[in-house]
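# Survey of secondary and tertiary structure
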Amino acid sequence: QESDRPVGEILEQDPEPGTKVTKGAIITLTVSAGGDNVSDTYKIIDFKGRTLEYAQTMLDEHGVSYQTQEEYSDEVEAGKITRTDPAAGEELEKGATLTIYLSKGKEEKKATVPNLYGLSQSAAEKALTDKGLVLGTVDQVESSASVGTVVWQSVSKDTEVSQGTAVNIQISKGKSEQPTTPDDS
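Our subject in this report is the structure included herewith. (Residues numbered from 1 in each chain as written. Predicted model: local features only at pLDDT ≥ 70, side-chain atom pairs only at ≥ 80, totals over all residues. Heavy atoms only, no water.)

### Here we look at the environment of Leu98
Test applied: The way it works is that DSSP assigns letters per residue, a run of H or I at least four long becomes a helix, a run of E at least two long becomes a strand, and they are numbered from the N terminus. We call two residues contacting when some pair of their heavy atoms lies within 4.5 Å.
With respect to the helices, strands and loops of the structure, Leu98 is situated in strand 7 (residues 97–103). For Leu98 and Pro86, which are twelve residues apart along the polypeptide, the C-alpha to C-alpha distance reads 6.6 Å. Sequence-distant contacts of Leu98, that is, excluding residues within four places in its chain, are made with Ile44, Phe47, Leu59, Val64, Ser65, Tyr66, Gln67, Thr84, Asp85, Pro86 and Leu92.

See below:
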């Protein structure tokens, strides 16, 4: 079909991209035959979630120059493309450079474990959540420390850990009074 798009560029597809079809189904493509007003641009396709090698193959076929940058992404696994600049669907002028952003994976946010010794359970939980940490298991143990206070924590204070790490604690339930029995020797 004659258009203002370069020769060979797919203009339409039936069924639409993303539609599930059975093996052997016919997919109709409408391809540009060029025309008098062909724009000398490259329409950027959506590379999100694809490998750099895939994008390189597509871009090299059209003579498009590109550069890469890395960024953290919670949605796209490390090593895959997160986005492009200009974005998918936009036109890239001849001679312009496309920037491809590659995922470094999720950003690992760190936190320093606070000192929980002597705190109540609720104060310990607040101290942990304020740092992006989680209160793990809570056990009651015999101790000479004040009843209801933290006497042990599973991760030492000032240790650097990933946010979301669980810290287990033990809370004093006081000392149980053991009756003393005389020695029967």
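### Details of helix 1 (residues 52–61)
Since the α-helix packs 3.6 residues into each turn, any two residues three or four apart lie on the same face. Convention followed: Working definition: with a 1.4 Å probe on protein chains only, accessible area under 20% of the residue-type maximum means buried, over 50% means exposed, and in between means partly exposed. Think of it as the arc spanned by the lines of direction from the helix axis to the C-beta atoms.
Those residues of helix 1 lying buried are Leu52, Ala55 and Leu59. Buried residues in helix 1, looked at end-on, bunch into an arc of 65°, giving them a common side. Residues of helix 1 that are exposed and point over 90 degrees away from its buried face: Glu53, Asp60 and Glu61. Looking at the buried positions of helix 1, the neighbouring elements they touch are strand 3 (41–43), strand 4 (65–71), strand 5 (81–85) and strand 7. Directly after helix 1, the chain includes Gly63, whose backbone phi takes a positive value near 65°.

### Points about the nonpolar core
Threshold: Among the buried residues, those of types Ala, Val, Leu, Ile, Met, Phe, Trp, Tyr and Cys that are joined through side-chain atoms within 4.5 Å form a nonpolar core.
Counting 14 residues, the largest nonpolar core has Val113, Leu116, Leu128, Leu133, Val150, Val167 and Ile169 as the members making the most contacts within it. Elements with a contribution of two residues or more to this core: helix 2 (121–130) and strand 12 (166–172). With near-sequence residues (within four places) excluded, Leu128 lies in contact with Pro114, Leu116, Leu133, Val134, Leu135 and Val167. In this structure, Tyr42, Ile44, Val64 and Leu102 belong to the second largest nonpolar core, which totals twelve residues.

### Regarding unusual backbone geometry
Excluding glycine, a negative phi dihedral is what most residues carry, and trans is how most peptide bonds are arranged. In this structure, the amide linkage connecting Asp14 to the following residue, Pro15, adopts the cis form with an omega of 0°. As for its position among the elements, Pro15 is in the loop between strand 1 (10–14) and strand 2 (28–31). Along the chain, Asp85 connects to Pro86 via a cis peptide bond; the corresponding omega equals 0°. With respect to the element layout, Pro86 can be found in the loop between strand 5 and strand 6 (91–93). Of note, Asp158 is a non-glycine position whose phi angle comes to about 70°, a positive value. In this fold, Asp158 is placed in the loop between strand 10 (150–153) and strand 11 (160–162).

### As for the sheet that holds strand 12
To be explicit about the condition: If DSSP finds at least two bridges between two strands, the strands pair. Note on geometry: axes are lines fitted to C-alpha atoms, helical ones only across the stretch in contact, with angles between N-to-C directions running from 0 to 180 degrees.
A sheet is described by the order of its strands in space; here three strands give the open sequence 9-12-10, paired in mixed fashion. The outermost strands of the open sheet, each flanked by one partner alone, are strand 9 (134–141) and strand 10. Going across the sheet, the axis of each strand differs from the next one's by a mean of 30°, ignoring polarity. The pairing of strand 9 with strand 12 spans six bridges and is classified as parallel. By the bridge assignment, Val138 is partnered in strand 12 with Ile169. Across the sheet, helix 2 touches strand 9, strand 10 and strand 12, and the angle it forms with strand 9 is around 155°.

### Some words on the pattern of salt bridges
Threshold: Between Lys or Arg on one side and Asp or Glu on the other, a salt bridge is scored when a side-chain nitrogen of the former is within 4 Å of a carboxyl oxygen of the latter.
Counted by the stated rule, this structure contains three salt bridges. Of the charged contacts, one joins Lys80 and Glu77 as a salt bridge, the two residues approaching to 4.0 Å between their closest N and O atoms. The exposure class of Lys80 is partly exposed, given its relative accessible area of 22%. The salt bridge partner of Lys126 is Asp130, with a shortest N-O separation of 2.9 Å. Taken together, the residues Lys126 and Asp130, both in helix 2 and four residues apart, mark about one turn of the helix.

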